[in-house]
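# Report on the structure
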Amino acid sequence: MMYQYIDSHAHLFYEDYQRDLETVLTRAKDAGVKICIVPGIDLKTSREAVLLAEQHENIFACIGVHPHEATKATDKDFGEIEELGNHPKVVAIGEIGLDYHYDFSPKDRQEEIFAEQIKIAVRRNLPIVVHTRESIQDAFAIVQKAVKTHPDWKETRTTPRRGVFHCFPGTAEEAEYVRGLGFYVSYPGIVTFKKSEIIEIVKQIGVHNILLETDSPYMTPVPLRGKRNEPANIVFIGRKIAEAFHITEEEVARVTTENTMHLFGLDE
Ligand SMILES: [Zn+2]
Ligand SMILES: [Zn+2]
């Protein structure tokens, strides 16, 4: 039985894949991954993500400046990202957000470019892919303000369409809060880690409110930890969630794929 997964977050532009990207994509297809979403982390890699999307029918791009790159990005970069937002294979602005763990850029600059890029998403009527680490309350405040200011941005009468908090570090209550703002949460291989309590949180959130991602080349799931990650490994995440929910892998794949198609407008 072949399940159809979507890897909602894979950085396939990294050098890690330069030698064997076609093999990686074939393995993904053979494992049932029908689409990969590739988020840029700055202007250069956003362009690379778009190029990959142009070359591969099953790849879609997100464009944006990651908080790690906040200091290096210029106004001109954001102008070009906005321009690139018109590309037919660009499905979101991201990944954008706040990262206080590494603190590679000053907090106020991170906050400034996060808010600025949400405005680009609003103007382009695109969802956003949010990265947050040790910064969840500040990230919530910025997103909440944007939603309040622009209530018709990707208006969400039924299920979320405004974006996803990827590699979600929060509690089930916090996931419920972001759902109220029109956001999904997504999970990579950390759900498979032995000591991870995250799987318990995922159980409380429910499969209807999540997306799956590999976050390739990072976050390699058990049993492949230590190796380079790739989209085909999404099956280990799907399997773990199926076990935890006592449902079939097929059901996990079906629901999370539907969520991802809905969020990125791939079902339109
Ligand atoms: Zn991230
Ligand atoms: Zn990422």
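Here is what the cut-offs are and how they apply
Residues numbered from 1 in each chain as written. Chains lettered and ligands numbered in written order. Predicted model: local features only at pLDDT ≥ 70, side-chain atom pairs only at ≥ 80, totals over all residues. Axes fitted to C-alpha atoms, helices over the stretch in contact; angles between N-to-C directions. Helix = DSSP H or I, 4+ residues; strand = E, 2+ residues; numbered from the N terminus. Parallel < 35°, antiparallel > 145°, perpendicular 65-115°, else oblique. Left-handed = near helix turned anticlockwise from the far one by under 90°. Contact = placed C-beta atoms within 7 Å. Nonpolar A, V, L, I, M, F, W, Y, C, P; charged D, E, K, R; others polar. Buried ≥ 20, exposed ≤ 12 C-beta atoms within 10 Å, placed from the backbone.

## A few points about the packing of helix α2 (residues 43-55) against helix α3 (residues 75-84)
- One can describe the packing of α2 onto α3 by two numbers: an axis separation of 10 Å at closest approach and a directional angle of 15°. In terms of axis orientation, α2 runs roughly parallel to α3. The interaxial crossing formed by α2 with α3 has left-handed handedness. For the pair formed by α2 and α3, the contact residues are Leu43, Ser46 and Val50 on the first element and Asp77, Glu80, Ile81 and Leu84 on the second.
- Looking at side-chain class alone, the contact of α2 with α3 contains four nonpolar, one polar and two charged residues.

## Describing unusual backbone geometry
- Cis geometry is adopted by the peptide bond preceding Glu95, which originates at Gly94 and carries an omega value of 5°.
- In this fold, Glu95 is placed in strand β4 (residues 90-99).
- Cis geometry marks the peptide bond from Val222 to Pro223; its omega dihedral reads 10°.
- On the secondary structure map, Pro223 appears in the loop between β8 (210-212) and α8 (234-245).
- A positive phi is found at Cys167, a non-glycine position, where the angle reads about 45°.
- Tracing the backbone shows Cys167 in the loop between β6 (163-166) and α6 (172-180).
- Given 22 C-beta atoms within a 10 Å radius, Cys167 is considered buried.
- Look at Met219: it is not a glycine, yet its phi comes out positive at around 55°.
- The buried category is assigned to Met219, around which 21 C-beta atoms lie within 10 Å.

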